[in-house]
Amino acid sequence: VDTKRHRIALTMKDIKEESIFIKEAQRLHRFFGDFQVGEYVKYSPAASIGVAVYPRDGRTFEELYKAADSALYSVKRNGKNGVAFYETKMNVKME
């Protein structure tokens, strides 16, 4: 079994309401949950998704990436295969 892990950066422009971010993150998560390969499913992909929102969580790509990465690892620490939004308390020094 190939267990490669990939990171995908997704941007959404001009979203004004947090409820839309939540809805879209959940939709992306469902996509991976419903994904099938061929007629017989031998591999079920899982998605751990970390979300950062501009400008609340950062103003540069690097700041947003680090915030989303922190949220992503929060999901992984809590059992993987879920969605988490960045929270300031997640901000630990990462080198």
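Because the structure is a prediction, the values reported are computed rather than measured.

What counts, and at which threshold
- Residues numbered from 1 in each chain as written.
- Predicted model: local features only at pLDDT ≥ 70, side-chain atom pairs only at ≥ 80, totals over all residues.
- Heavy atoms only, no water.
- Core = buried A, V, L, I, M, F, W, Y, C linked by side-chain atoms within 4.5 Å.
- Buried < 20%, exposed > 50% of the residue type's maximum accessible area, 1.4 Å probe, protein only.
- Helix = DSSP H or I, 4+ residues; strand = E, 2+ residues; numbered from the N terminus.
- Contact = heavy atoms within 4.5 Å.
- Salt bridge = Lys/Arg side-chain N within 4 Å of Asp/Glu carboxyl O.

Draft legend 1. Broad picture of the nonpolar core. Core analysis: the biggest nonpolar cluster contains 7 residues, these being Phe21, Ala25, Ala47, Ile49, Val51, Val53 and Phe85. Residue assignment for this core shows that the elements contributing at least two residues are α1 (18–34) and β1 (49–51). Ignoring anything within four residues of it in the chain, the contact list for Val53 reads Phe21, Gly58, Leu64 and Phe85. Among the nonpolar cores identified, the runner-up in size contains 5 residues, and Ala71, Val75, Ala84 and Tyr86 belong to it.

Draft legend 2. Spatial organisation of the pattern of salt bridges. According to the stated counting rule, one finds 4 salt bridges in the structure shown. With a shortest N-O distance of 2.6 Å, Glu18 and Arg56 are connected by a salt bridge. On the criterion of sequence distance, the pair formed by Glu18 in helix α1 and Arg56 in the loop between β1 and α2 (61–77) is long-range, its members being 38 residues apart. Between Glu62 and Lys66 there is a salt bridge, and its shortest N-O distance comes to 3.6 Å. With Glu62 and Lys66 both in helix α2 and 4 residues apart, this pair spans about one turn of that helix. Under the relative-accessibility criterion, Glu62 is labelled exposed at 52%. Overall, the relative accessible area of 43% leaves Lys66 in the partly exposed class. What emerges from the salt-bridge pattern is a single network uniting Glu18, Arg56 and Asp57.

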